[in-house]
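Single-letter residue listing:
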Amino acid sequence: MSGGLLFDPVVAFDGFSYERRDLEYWIERQKRLKEPDRTSYEFPSPMTKAWIPVDLYENRALRDFIAVWAFREKAHHERSEKLKDLENRSLSVEDVYLHACAMFREKTAGAPDSAVVPSLTLTLRDATDEDAPPDSCDTAGKREVFKRFCALLCEHIRKFETRGGAVLSPEEQGTIDFLRISPQILNDSVVIFNTYQYTAAPAFIVDYIQRQDVPLGEGNDRIPLSRLMGFSTATDVVQYRTFNQLFGRLGIYVEVHNLRFETCSSTDVAFTCDINRHKTYSVAALATTVVLAGPAKWENRDNPLLHILESQRQIAEDLQRLLENLKGIGSTRAPAKSFETADEIAPLVKLLDDGDVEIRRKAAGDMMDIASNVENQMLVAEAGAIPPLVKLLEDSDVEVRGSATRALMHIASNKENKVLVAEAGAIGPLVELLGDGDVKVRQQAAEGLMNMSMSDENQVLVVMAGTIRPLVGLLRDSDAEMRRKAAGALWGIAANDENMALVVEVGAIAPLVVLLEDTDVNVRQFSAGALWSIAANAEDQVLVALADAIRPLAGLLSHNDVGVKRTAAGALMQIVFNEQNKVLAAKAGAIGPLVRLLVNGDVEVRRRATGALMFIAFNDDNKVLLAQAGAIRPLVRRLGDRDVEVRRKAAGALMLIAVNDENQVLAAKAGAIAPFVGLLGDSDDKVKRSVTSALIFIAGNDENKVLLAKAGAIGPLVGLLGHGDVELRMMAAGALWNIAFNVVNKGLIAKAGAIAPLVRLLEDSDVRMRQMAAGALSNIAIDDENKELVAKAGAIAPLVRLVEDSDVEVRRYTVDALMNIAGNDDNQVLLAEAGAIGPLVGLLADSDVEVRGSAAAALMLIAVNAENKVSMAEAGAIPSLVGLLGDDDVAVRRNAAGALWVVAVNKENKVMVAEEGAIGPLVRLLGDGDVTVRQNAAGALSGIVVHEENEVLVVEAGAIAPLVRLLRDSDVEVRRKAAGALFNIAGNDQNKLLVVEAGAIPPLVDLLEDSDVAVRRNAAGALWSFAVNDQNKLLLAEAGAIAPLVRLLGDSDVTVRLFAAAALMTIAGNDKTNVLVVKADAIAPLVGLLADSDVEVRQNAAGALANIAVNDQNKALFAKADWIGPLVQLLGDSDVDIRRYTAGALSNIACDDANKVLVVEAGAIPSLVGLLEDGDVKVRRCAAGALANIAGNGENKVLVAEAGAIAPLVLMLSDSDVEVRQKAVGALVNIAGNADNRVLVAKAGAIAPLVGLLGDSDICVRRYTTFALLNIAGNDANQVVVAEEGAIAPLVGLLSIEDAETRRCAQSLLDVVAVYSGGTYQRKV
């Protein structure tokens, strides 16, 4: 893009390769000009103009290709004998020409079908470049001489341009300006020499190709390329080779750009660009650069472009003048050749100790040159040059000291030689030279110390020689080079922990911070590096921050130089280890530049930027700032970085950022989940660790749990549970733990095979592993199907063992897991068999509140099993649970009350719970602020009170009033449990009064219409219980209970219908409330319930109808609505209570004369007759009563007799139950009202048992018996039988009883069956 060489080629998303620095500058410029709808992570491609991501990737293949090419070029030149002659500075243009011809023939022999055309970019570099000579000149001087040289060369070329081997005429010279070499000054420091100006002006080529068939002539400034090159066919390919002759040392270097041309047809020239990595060559004169052109077939004629020199002599003279001009600028020594052995250098080593200062100068200078070649450095050391060079550091001659210092500086650049130089005692003299009067000597001494301090072994020695203080002093030197080398030396020295403290003590931090804003870029870089080393110490991190280093370091992050960015990012990464510095870095504005560096093409920059952001993200406030600065998206992109360390740190940074709940969402939106899941299979374990850690936090968001599962995270995470790395196993278990909070994911994790490896991890030696495994299994086991799978995987036994783990978190998560597993009925048995109850009871006294709460919850579920209730009591759970009712923690109180509720279902446990003093604390918990505590306390009391002794204790503990208050609680479960508890408490007659007095009826009536079925159920049940008391019946009616109870007869819940019918049955037992029940239209729904599928509902409905029918007005209602039939149908029901209530209802209904006929028409008589022999005494009683009432109708008397009622009724006269005898006699009274029936009754043998009943203890039986015998005696024959059966005497006895009706009937009967004679009654004769 700048016309220069690709030093660091990178590939962008448009597929093109660019120089990294140029493209980064382009990106920064485009950001300032970006379109409103574009993000900071896009930029327009320089080639295609399409918007592409800012991610850049190293073009390693291109870089390596260039390296191979450069190596071959270098090897070729080194093999050339002519190159050796160039060292003598006696260059002959003729030699150059002949050499170029020879090289052309060598290069073009067997040339390929395609060719590479190199052009030249010559860059003026500073003498400080690592390839530059030690004795440099100023840049302006070099540029001026070079420009004069270029002008000289171009003048000669203009005179001898050729075409086709012939010299061009003066008229044609102007037509091929593009052929000549012309210099162009770019950025005031770069000179481009391009044979055809292709690189500098690509538009020229496009224009030329479009016009290439324009004929030569006056006014045309270009010629066809094929004519110029002498092409005869379209397949000819031009091949160019450039050979740079190494001559002198000007500090000028060549960057080679390769352009490739192929002719596709006679009228078309294809243009492609293949830019390779540069190779630098020192150039003494461009005249030695010969452009060779032409295909290999030109073997019998001269290459037309080789005839560029008319006068070799004139060129030689011009070159000589040029060399004279160059003498004052710098040394013209050529770089030393590579030596094969140390023996070749040994003679020169001896001259280093020569007594002649001139010889020492030359020897030291030559040794300096030799050591500048990297390949010679080890050989120089082997030749024994180091000790004499060290000695020369103290030479009286400044030039000798300078050359020796420079030589040692080169030697010490070799890693192994650093130690040898130090061991030879060079450090001390070099330290002394830091104060030398010659600036170059000071510079070279500082650089030598800098090189040696890069070795760990030398760092202490350098410090012991007293180096630190003078180096710190040099930080303030006026010479930029000196400041750079001093900072660089301190950078290396401070890498040692002990030295670091000394550097700080001497006061290096302040001047180093000042140098962060130095005008010299290298000074800034090395100062940042030194501070980076110093900040490795935790205390020094604070000192560096106090010296205000963070602000300028943050500024350097935006510097154009990649080295500066590297060191600044590295220093900040180290400094922000400190907690306070994390905050300071954010305030200093470091976050934004660091975020921008995430897209930098340099891998080291990205590493340090991601590392710094990772440490900054440890601060909670910074997590928010990082998200606001847009760090998440580029960090997500870095997850796909080629560099493993970048991926690792990016994952770590995202992990920390995702600790913030809002950032978890942002990370998912930035597309983090997919690359995270992909990195679970990364080859680097540390990357996988960071990723799994990040997933733990990202999975903290509910939506992300789903996204992770969809992205396929579960399988790889399950696979990592068996990884050899303990951290990975642990993090994978933790991630699965969080993901398993999602209901669907629980099943997916189980299906992925996670349970078995998690069970194995329960016995891992690492405590954190046990924590994560237990936590994950706890979540997985919430799913009902997984409860069974976890148990089958053998989890119960190790979990039971972990209950007593020394680590509190392990115990906590283990108890949670056991609690969830215990939700399965079979698992409750397995847990008891595995011995879980005892340890869990022990945990009720654990010091950790969560453990206590979960242990109580686990025991609550285990106690669902009947046998486990007993086992828990035996294990001492009850007193421990009672003790937890007063715990400060709400969850503990909640679960303890719940466990006691479940345990107290057992009859014996009810007593034990009361004896352990649970009732009082439970009553107090009815007023707890936690709704579930109130629920469980009410439930527990509801269960405990179902025991005669406990009924009294609960009331005495003051439970009624708070329970009544809870009837109006906002929580439905609390209302449910409170109503249930009051229902049970009201089982005691005294308690019924107390509950009513506490004002329970109105809220219970309100609860009859609660939306919760269980609340309605318990409320109806409680009211039913209260209604047993006559006074309460009236109170219920006054509170408006009847209407909602009637509505509940149609409730979908069978128990609600049952309790509602039972309550109405009880309420209807009162004369006053009976009428109210009917007014509430209860009869119809009650009749409807006679067909209910539940037997108890049918019972209560029939009983309610029976009570309602007691009222005379109500009896007629049954006839009008045709409700008798359903009752008659139930007379044959298999349930005894239904038969009883139905017969009783019909008995009451049949009291009405009109109903007598309807009952018979409904077919009741046969069924009722059948019930006279029922096994239940009450059924027989009601059936007899019903028949008695039915038989009150004249026609019915016959029907009843015909149905066979007389015989069973006669048998009932001997029943032990007085009411049965009453009803039987009553039925016979009515039946015997028919003349024919009198005979049948007598024949059935009724007279004898009836006579016997005249002496019954029950007055009603005696009265009804006299009525029955009186009716029977209406038959003359029966009168005799009555008398014969001994009725006279008991009848006489009845004449003296108090009951007038009985006396009257007895007298009437005596008048019929006996005569009064002589003061006594006697049988008639």
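Residues numbered from 1 in each chain as written. Predicted model: local features only at pLDDT ≥ 70, side-chain atom pairs only at ≥ 80, totals over all residues. Heavy atoms only, no water.

(A) Main features of the pattern of salt bridges. Tallying each qualifying case throughout the model produces 62 salt bridges. Arg812 serves as the salt-bridge partner of Asp848, at 2.9 Å between the closest nitrogen and oxygen. Taken together, the residues span a long stretch of sequence, with Asp848 in the loop between α45 (837–843) and α46 (849–862) and Arg812 in helix α43 (residues 808–821) at a distance of 36 residues. The two residues Asp848 and Arg812 agree in class, both being buried. Notably, a salt bridge pairs Arg812 with Glu850, separated by 3.5 Å at the nearest N-O pair. Within this pair, whereas Arg812 is found in helix α43, its partner Glu850 is found in helix α46, the two being separated by 38 residues in sequence. Within this structure, Glu604, Arg607, Arg608, Asp643, Glu645 and Lys649 form a network of salt bridges that share partners. (Salt bridge = Lys/Arg side-chain N within 4 Å of Asp/Glu carboxyl O. Helix = DSSP H or I, 4+ residues; strand = E, 2+ residues; numbered from the N terminus. Buried < 20%, exposed > 50% of the residue type's maximum accessible area, 1.4 Å probe, protein only.)

(B) Focus on the packing of aromatic side chains. Overall, the coordinates contain seven aromatic pairs when judged by the stated rule. On the basis of an interplanar angle of 35° and a centroid distance of 4.1 Å, the ring pair of Phe577 and Phe615 is categorised as tilted. You can see Phe577 sitting in the loop between α25 (562–575) and α26 (579–587) and its partner Phe615 sitting in helix α28 (residues 603–616), a full 38 residues away along the chain. Residue Phe577 is classed as partly exposed on the basis of its relative accessible area, which comes to 40%. Ring geometry for Phe983 against Phe1059: centres 5.3 Å apart, planes inclined by 80°, an arrangement best described as edge-to-face. Highlighted residues: Phe983 in helix α55 (residues 972–985) and Phe1059 in helix α61 (residues 1054–1067), separated in sequence by 76 residues. (Phe/Tyr/Trp six-rings, centres within 6.5 Å; stacked < 30°, edge-to-face > 60°.)

(C) View of the packing of α46 against helix α49 (residues 890–903). At a minimum axis distance of 8 Å, the contact between α46 and α49 shows a crossing angle of 20°. By the angle between their directions, the pair α46 and α49 is classed as roughly parallel. Regarding α46 and α49, the two cross each other, and that crossing is left-handed. Taken together, the residues of α49 that come into contact with α46 (itself represented by Val849, Arg852, Gly853, Ser854, Ala856, Ala857 and Met860) are Ala891, Val892, Asn895, Ala896, Gly898, Ala899 and Val902. Grouping the amino acids of the contact of α46 with α49 by side-chain chemistry returns nine nonpolar, four polar and one charged. (Axes fitted to C-alpha atoms, helices over the stretch in contact; angles between N-to-C directions. Parallel < 35°, antiparallel > 145°, perpendicular 65-115°, else oblique. Left-handed = near helix turned anticlockwise from the far one by under 90°. Contact = heavy atoms within 4.5 Å. Nonpolar A, V, L, I, M, F, W, Y, C, P; charged D, E, K, R; others polar.)

(D) The arrangement of unusual backbone geometry in detail. Of note, the phi angle at Lys49 is positive, near 70°, even though the residue is not glycine. Here Lys49 shows up in the loop between β3 (42–44) and β4 (51–53).

(E) How the structure looks around the pairing of strand β15 (residues 1314–1317). Inspection of the sheet shows β15 paired to strand β16 (residues 1320–1323) by four bridges, in the antiparallel sense. In the sheet register, Val1315 faces β16, and the bridge partner there is Gln1322. Connecting β15 to the next strand, β16, in antiparallel fashion are two residues, including Gly1318 with a positive phi near 65°. (Pairing = 2+ DSSP bridges.)

(F) Layout of the packing of α61 against helix α64 (residues 1095–1108). At a minimum axis distance of 8 Å, the contact between α61 and α64 shows a crossing angle of 20°. On the basis of their axis angle, the class for α61 and α64 is roughly parallel. The element α61 and its partner α64 pack so that their crossing is left-handed. Counting all contacts with α61, which are made through Val1054, Arg1057, Leu1058, Ala1061, Ala1062, Leu1064 and Met1065, the residues of α64 involved are Glu1096, Val1097, Asn1100, Ala1101, Gly1103, Ala1104 and Asn1107. Here the contact of α61 with α64 is built from residues that sort into nine nonpolar, three polar and two charged.

(G) Geometry of a negative patch on the surface. A grouping of Glu340, Asp343, Glu344 and Glu375 is seen on the molecular surface, where their side chains present a negatively charged patch. Here Glu340 lies in the loop between α8 (312–326) and α9 (346–351). For Glu340, a relative accessible area of 67% translates into the label exposed. (Patch = residues over 30% accessible without salt bridge, like charges linked within 9 Å, V, L, I, M, F, W, Y side chains within 5 Å. Areas by Shrake-Rupley, 256 points an atom, 1.4 Å probe, with all protein chains shown as cover. Lys, Arg positive; Asp, Glu negative; His and termini not counted. Charge placed at Lys NZ, Arg CZ, Asp CG, Glu CD.)

(H) Spatial organisation of helix α52 (residues 931–944). The end-to-end C-alpha distance of α52, which contains 14 residues, comes to 20 Å, matching closely the 20 Å that a straight helix rising 1.5 Å per residue would cover. Among the 14 residues that make up α52, twelve are buried, leaving the element largely enclosed by the rest of the structure. For α52, the set of buried residues is Val933, Arg934, Gln935, Asn936, Ala937, Ala938, Gly939, Ala940, Leu941, Ser942, Gly943 and Ile944. Check the buried side of α52 and you find it contacts α49, α50 (907–915), α51 (919–925), α53 (948–956), α54 (960–966) and α55. Taking the backbone nitrogen of Thr932 as reference, a side-chain oxygen 3.1 Å away marks Asp930 as the first, capping residue of α52. (Expected span 1.5 Å × (residues − 1). Polar contact = N/O pair within 3.5 Å; in protein donor to acceptor, adjacent residues only side chain to side chain.)

(I) Up close: the sheet that holds strand β2 (residues 17–19). Spatial strand order, β2-β1-β5: three strands in an open sheet with antiparallel pairing. Looking at which strands have only one partner, the edges of the open sheet turn out to be β2 and β5 (57–58). The sheet contact formed by strand β1 (residues 9–11) and β5 spans two bridges and is antiparallel. Following the sheet pairing, Val10 is matched in β5 by Glu58.

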